[in-house]
Amino acid sequence: MKAAFCEGFAPVFDENSRVLILGSFPSVKSRAQGFYYGNPQNAFWRTLGAFFHEEPPKDAEGRRAYVLKHGAALWDVVLSCTIAGSSDASIRGEQVADVASLVKGSKIRRILCNGTTAYHLFQRHFPELVPIANKLPSTSPANPRFCVEPWFEALSEGFSGAGGEEARSGAEEKI
């Protein structure tokens, strides 16, 4: 597949966001839909739905409202880059998001990096924020070893008091 210059999405957050879920860069299917985690085979929305015991909407505006309702924020480390398809390994010439400013001006106290590429890019560009970050298994359909348990643990920690253990109990069976 030929590499092309692509742009990602603006962050989804508000004054109540406490946990930032940070991906690497949107997939081809996400870019086509114009919103985060648009591939129906991606485990991201199923994982959040199981954790919060509430099915996420299917449309972008509904998903945006769902994330904000639960005190989460979404963004990607890379704002724009040259990429071949959805391959994180092919990312070149990336422009990095200003994650530090977003965190500084918000209530965000935990960052959940969706996959190794997101975490490595985050580490390289924001070493001062690494202490509040978790590297989690990628929810991408390209990850055959996706495991939901680390996600539930990190979400429980990030949302303690608002969806913590109560949300987690019994949620594993729903993935």
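Residues numbered from 1 in each chain as written. Predicted model: local features only at pLDDT ≥ 70, side-chain atom pairs only at ≥ 80, totals over all residues. Heavy atoms only, no water.

By the naming in an unreviewed UniProt entry, the protein chain is DNA-deoxyinosine glycosylase, taken from Candidatus Gallimonas gallistercoris.

Caption draft 1: Here's a closer look at the overall build of the protein chain. Scanning the protein chain from N- to C-terminus turns up 7 helices and 7 strands. Walking the protein chain from its N terminus toward its C terminus, one meets helices and strands in the order β-β-α-α-α-β-β-β-α-β-α-β-α-α. Taken over C-alpha atoms, the radius of gyration comes to 15 Å for the protein chain, in line with the 16 Å a tight globule of 175 residues would show. Overall size of the protein chain, expressed as C-alpha extent along the three principal axes, is 45 × 35 × 30 Å. Buried residues in the protein chain amount to 49% of all 175 residues. Taking as baseline every contact in the protein chain between residues at least 6 positions apart, the subset at least 24 positions apart corresponds to 62%. A total accessible area of about 8400 Å² is found for the protein chain, and carbon and sulfur atoms account for 53% of it. The centroid of the 19 positive side-chain charges in the protein chain is displaced by 5 Å from the centroid of its 19 negative side-chain charges. (Helix = DSSP H or I, 4+ residues; strand = E, 2+ residues; numbered from the N terminus. Rg over C-alpha atoms; globule rule 2.2 N^0.38 Å. Buried < 20%, exposed > 50% of the residue type's maximum accessible area, 1.4 Å probe, protein only. Contact = heavy atoms within 4.5 Å. Areas by Shrake-Rupley, 256 points an atom, 1.4 Å probe, with all protein chains shown as cover. Lys, Arg positive; Asp, Glu negative; His and termini not counted. Charge placed at Lys NZ, Arg CZ, Asp CG, Glu CD.)

Caption draft 2: Layout of the packing of helix α2 (residues 44-52) against helix α3 (residues 60-69). Close contact between α2 and α3 brings their axes to 12 Å; oriented N to C, the two are set at 45°. Considering the angle they form, α2 stands oblique to α3. Once α2 is placed against α3, the crossing between them reads as left-handed. Residues Trp45, Leu48, Gly49 and Phe52 of α2 form the contact with α3, whose participating residues are Arg63, Tyr66 and Val67. Counted by class, the contact of α2 with α3 contains 5 nonpolar, 1 polar and 1 charged residues. (Axes fitted to C-alpha atoms, helices over the stretch in contact; angles between N-to-C directions. Parallel < 35°, antiparallel > 145°, perpendicular 65-115°, else oblique. Left-handed = near helix turned anticlockwise from the far one by under 90°. Nonpolar A, V, L, I, M, F, W, Y, C, P; charged D, E, K, R; others polar.)

Caption draft 3: Highlighting the sheet that holds strand β6 (residues 110-114). The strand order across the open sheet built from 4 strands is β3-β2-β6-β7, with neighbouring strands paired in parallel fashion. Of all strands in the sheet, those with a lone pairing partner are β3 (72-76) and β7 (133-136), marking the two edges. Averaged over all adjacent pairs, the angle separating strand axes in this sheet is 25°, with direction ignored. Examined bridge by bridge, strand β2 (residues 19-23) and β6 share 4 bridges and lie parallel to one another. Residue Val19 lies in a different strand from β6, and its bridge partner there is Arg110. (Pairing = 2+ DSSP bridges.)

Caption draft 4: Here's a closer look at helix α5 (residues 116-125). Within α5, the full set of buried residues consists of Ala118, Tyr119, Leu121 and Phe122. Down the axis, α5 shows its buried residues gathered within 165° of arc, on one side only. For α5, the elements touching its buried residues are β2, β4 (78-84), β5 (92-96), α4 (99-104), β6 and β7. (Arc of directions from axis to C-beta.)

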